[in-house]
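Here is what each chain is made of, one letter per residue.
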Amino acid sequence: MGTVQLFPEFVSETLGLSGVLGDVVGSLVAAAVVGNIVLAFTGVAGPWAKRKITAAFTDRIAVNRIGPFGLLIIPAAAVQLLAKELIVPEGVDRPTWDLAPIVLPASALLGFAVIPMGRLGPINLQIADPEVGLALVFAFASIASVSLVMAGYASNNKYSMLGGLRAVAQNLAYEIPLIVTAMSVVVFAGTLQTSGIVAAQTDVLFSVGGFDVPTWYAFVNPFAFVLFLTANMAEIGRNPFDIPEAPTEIVAGYQTEYSSAYFVLFYLGEFVHVFLGGAILAVTFLGGASGPGPESIGFLWFVVKIWGFFLFTQWARSALPRVRIDQLIEIGWKGMLVLSFANLVLTAVIVGVIA
């Protein structure tokens with residue numbers, strides 16, 4: 001596999017910079033561009049797309065008064081939320097209470113640093129490509145659990161504390177199956193490098209009527225894909241696994257005592273994690289940024305895939321009932337964990353026999 005110029009290298013070369021200065025400037029500019037792309041997605045998804053999609057599923061009318069198609073609800077909601085007073089309840093544990101809403105979106109944004117988002121013209125939208133890239137993505141994403149525990153513990157609220165405890169129980173029950181299932185992809189690809197995993201899915205699996213079906217691992221191992229998708233939904237806390245929030249049971253869980261800008265950060269972090277979950281799913285099972293057409297439009301295919309995952313999460317939110325906390329834990333430890341290890345062993349045996 002040939003060496004591909006990463007985004008920071010492209011920036012420093014374009015600006016005519018070299019050495020440490022080129023590395024620093026290139027990295028900062030690349031991080032700013034990728035970060036703003038992700039934040040733009042979440043800005044559209046949270047105030048507008050989520051409402052429009054849910055309304056379509058439930059046969060209702062969503063935002064349609066402010067601007068064309070209601071799109072101006074995006075800046076309006078931002079101004080409305082940020083203009084609210086930040087209320088700090090008595091007895092909270094600061095600075096833990098202050099840090100929690102910052103850690104949540106930061107952990108998800110860090111995960112995008114090693115995600116190959118594909119090419120947009122001559123630009124390769126990937127900030128870094130370490131050999132242990134997939135492990136780094138999961139490490140960054142798991143920091144979110146720390147944020148939820150911090151918020152639940154520091155809020156001096158029993159509902160928040162319950163939400164934090166539920167978040168820990170849920171993440172422990174599903175993060176292990178998620179990573180074990182991802183390891184079956186690593187066994188197939190033979191590398192933890194995210195670009196290598198994507199490159200391993202570019203071959204043709206079979207042809208039907210002149211149409212080439214690529215070796216996306218969703219086609220190679222659909223059982224692992226379903227396992228990963230289910231564990232991923234639990235990891236990002238979307239229905240039917242939104243137990244840490246569960247508005248009908250514990251108000252809003254870990255974020256009950258947050259308002260104004262802090263609530264915005266939690267809300268932002270939630271959607272950044274949804275898109276990170278879609279990005280990880282695309283890289284591991286859906287060929288990353290690969291798709292029909294020239295390689296120079298790969299970023300567009302990547303966007304289609306992660307927004308497709310977002311659409312799936314919104315369908316699940318409208319169609320699937322929330323499971324109880326005891327059912328959630330039982331599904332994770334007694335079902336998902338056993339099936340993920342069985343899938344890993346079977347994959348290893350198949351790859352060993354073929355190799």
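Look up a bit, the structure's there.
Residues numbered from 1 in each chain as written. Predicted model: local features only at pLDDT ≥ 70, side-chain atom pairs only at ≥ 80, totals over all residues. Heavy atoms only, no water.

**Side note on the environment of Ile-127**
Here's step 1: Structurally, Ile-127 can be placed in the loop between β2 (123-124) and α5 (133-154).
Here's step 2: If near-sequence neighbours (up to four positions away) are discounted, Ile-127 is found in contact with Leu-6, Pro-8, Ala-30, Ala-31, Val-34 and Ala-113. (Helix = DSSP H or I, 4+ residues; strand = E, 2+ residues; numbered from the N terminus. Contact = heavy atoms within 4.5 Å.)

**A few points about the side chain of Ser-107**
Here's step 1: Residue placement: Ser-107 occurs in helix α4 (residues 96-111).
Here's step 2: Using a relative accessible area of 1% as the deciding quantity, one classes Ser-107 as buried.
Here's step 3: At 3.1 Å, the side chain of Ser-107 and the side chain of His-273 are in polar contact.
Here's step 4: The contacts of Ser-107, once residues within four sequence positions are left out, are Phe-140, Ala-141, Ile-143, Ala-144 and His-273. (Buried < 20%, exposed > 50% of the residue type's maximum accessible area, 1.4 Å probe, protein only. Polar contact = N/O pair within 3.5 Å; in protein donor to acceptor, adjacent residues only side chain to side chain.)

**Some points on the pairing of strand β4 (residues 211-214)**
Here's step 1: Direction of pairing for strand β3 (residues 204-208) relative to β4: antiparallel, over a ladder of four bridges. Directly across from Phe-206, in β4, lies its bridge partner Val-213.
Here's step 2: Where β3 folds back on β4, the antiparallel hairpin that results is connected by two residues, among which Gly-209 adopts a positive phi of roughly 55°. (Pairing = 2+ DSSP bridges.)

**Description of unusual backbone geometry**
Across the chain, the bulk of peptide bonds are trans and the bulk of non-glycine residues have phi less than zero.
Here's step 1: The peptide bond linking Arg-94 to Pro-95 adopts the cis configuration, its omega dihedral lying at 15°.
Here's step 2: Its place among the elements puts Pro-95 in the loop between α3 (73-83) and α4.
Here's step 3: Located in the positive-phi region is Asp-59, a residue other than glycine, with phi close to 60°.
Here's step 4: Its place among the elements puts Asp-59 in the loop between α2 (19-57) and α3.

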